[in-house]
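So the chains spell out like this:
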Amino acid sequence: MPVKMVVLGDSLSAGLGLPAPAAFPAKLQKALKDKGIGVDMTNAGVSGDTSSGGRDRLDWSVPEGTEAVIVELGANDALRGVDPAVTRSALSDILTRLKARGIAVLLCGMLAPPNYGHDYADRFNAIYPDLAKSFNVPLYPFFLNGVAADAKLNQADGIHPTAEGVDIIVQNILPSVEALLSTIKGQRQ
């Protein structure tokens, strides 16, 4: 039986500027299938969404029966200079509610761009490792690892990955997703 998985995210996972089959959730599902792992994948990425927006739509974005959620939120918070305390609180609420529903979570970290200064970046960047530790959920430290700041792997805006960029994200995150799925399979038996 395939695991029911939702990617709760923003334009980075929604696949802004890409055809639907090139978006992160579709490519991740295919990569897992190639390894013989069946996943019933839902792309709940909404372009422009902040972590607070993700929290506000959590209940209808993550339907009953969902077993795993990849949380990829916070990039828009950082781009807009949202107070890190607000981002932390929203992500904390999301994790609290998913855990209460018995849903396995992989938290994807985000790094603040340098334009708001060191203090902001330090406060923002600490959110993800802190929450992963306090909620005891696995952390993928930086969603755009290997892709950020590489012009060849990003669209003209310099922010959103190209299809090739998505391939690299999938390749890098795959071991973390496989580990998450193996814990679910363990609980099913």
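Heads up: the structure comes first, above all this text.
Anyway, here's the lowdown on the structure attached to this text. Every chain's residues receive numbers from 1 upward, in the order its sequence appears when written. Note on the predicted model: pLDDT of at least 70 is required for a residue's local features to be given, and 80 or more for side-chain atom pairs to be given and counted; whole-chain, interface and lining totals, by contrast, use all residues. Each side-chain value is derived from all of the structure's non-hydrogen atoms; neither hydrogens nor water enter the calculation.

## Digging into the overall build of the protein
Note on conventions: DSSP H or I runs of at least 4 residues are helices, E runs of at least 2 residues are strands, and numbering of each starts at the N terminus. If you tally the helices and strands in the protein, you get nine helices and five strands. For 189 residues, the compact-globule estimate of 2.2 N^0.38 gives 16 Å, and the protein sits close to it at 15 Å. If one aligns the C-alpha atoms of the protein with their principal axes, the spans along those axes are about 50 × 35 × 25 Å. Here the protein, with 189 residues, has 50% of them falling under the buried criterion. The size measure is the radius of gyration over C-alpha atoms, and the globule rule it meets is 2.2 Å times the number of residues to the 0.38 power. Burial classification: accessible surface area is computed with a 1.4 Å probe over protein chains only, and a residue below 20% of its type maximum counts as buried, one above 50% as exposed, and the rest as partly exposed.

## Comments concerning the packing of aromatic side chains
Planes of paired rings set the category: under 30 degrees apart is stacked, over 60 is edge-to-face and the rest tilted, where pairs are Phe, Tyr or Trp rings (Trp by its six-membered ring) whose centres lie within 6.5 Å. All told, the structure shown has four aromatic pairs when counted by the stated rule. Measuring from centroid to centroid gives 5.0 Å for F24 and F143, while their planes differ by 80°, and the two rings are edge-to-face. Pair noted here: F24 is in helix α2 (residues 24-34) and F143 is in the loop between β5 (139-140) and α9 (163-188), with a separation of 119 residues, a long-range link. Its relative accessible area of 0% is what places F143 among the buried residues. Ring geometry for Y116 against Y120: centres 5.2 Å apart, planes inclined by 50°, an arrangement best described as tilted. Note on Y120: relative accessible area 9%, which makes it buried. Each member of the aromatic cluster is reached from another via a ring pair, and the members are Y116, Y120, F124 and Y128.

## Topic: the nonpolar core
Nonpolar cores are built from buried Ala, Val, Leu, Ile, Met, Phe, Trp, Tyr and Cys residues. Side-chain atoms within 4.5 Å join them into one set. Residues M5, F24 and L28 are the most contacted members of the largest nonpolar core, which totals 61 residues. When residues in this core are grouped by element, the largest group, nine residues, is from α9. By the convention used here, residues are in contact when the closest approach between their heavy atoms is within 4.5 Å. Not counting chain neighbours up to four residues away, the residues in contact with F24 comprise V7, L12, S13, I70, F143, V166, I169, V170 and I173.

## Some points on the pairing of strand β3 (residues 68-72)
Taken across its five residues, β3 has five buried, putting it largely inside the fold. The pairing criterion for strands is at least two bridges between them, as found by DSSP. Where strand β1 (residues 3-9) lies against β3, five bridges are found, and the strand directions are parallel. Across the sheet, M5 pairs through a bridge with A68, a residue of β3. Pairing geometry for β3 and strand β4 (residues 104-108), over four bridges, is parallel. For V71, the partnering residue across the bridge sits in β4 and is L107.

## Some words on the packing of helix α6 (residues 84-100) against helix α7 (residues 117-125)
In the contact formed by α6 and α7, the axes pass within 9 Å of each other and the chain directions differ by 10°. Taken together, the axes of α6 and α7 lie roughly parallel to each other. Contacts between α6 and α7 pair P84, A85, T87 and R88 from the former with Y120, R123 and F124 from the latter. Here the term charged refers only to Asp, Glu, Lys and Arg, the term nonpolar to Ala, Val, Leu, Ile, Met, Phe, Trp, Tyr, Cys and Pro, and the term polar to all other amino acids, Gly among them. Here the residues of the contact of α6 with α7 are counted per class, giving four nonpolar, one polar and two charged. Throughout, an axis means a line fitted to C-alpha atoms (over the contacting stretch in the case of helices), and angles, computed between N-to-C directions, take values from 0 to 180 degrees. Our angle categories are set so that under 35 degrees counts as roughly parallel, over 145 as roughly antiparallel, 65 to 115 as roughly perpendicular, and the remainder as oblique.

## Concerning the environment of H160
Within the secondary structure layout, H160 lies in the loop between β5 and α9. The exposure class assigned to H160 is buried, which follows from its relative accessible area of 10%. Sequence separation between H160 and L12 is 148 residues; the distance between their C-alpha atoms is 6.1 Å. Apart from the residues lying within four places of it in its own chain, the contact partners of H160 are S11, L12, L16, N154 and Q155.

## Thoughts on the side chain of K27
Looking at the element boundaries, K27 is found in helix α2. For K27, a relative accessible area of 17% gives the class buried. Side-chain polar atoms of K27 contact the backbone oxygen of A163, separated by 3.1 Å. Non-local contacts of K27, meaning those with residues more than four positions away in its chain, are made with P21, A22, A163, V166, D167 and V170. Distance and chemistry together define a polar contact, namely a pair of N or O atoms within 3.5 Å, with one atom able to donate a hydrogen and the other to accept it when in protein, and with adjacent residues in sequence counting only for side-chain atoms on both sides.

Keep in mind these values describe shape, not function.
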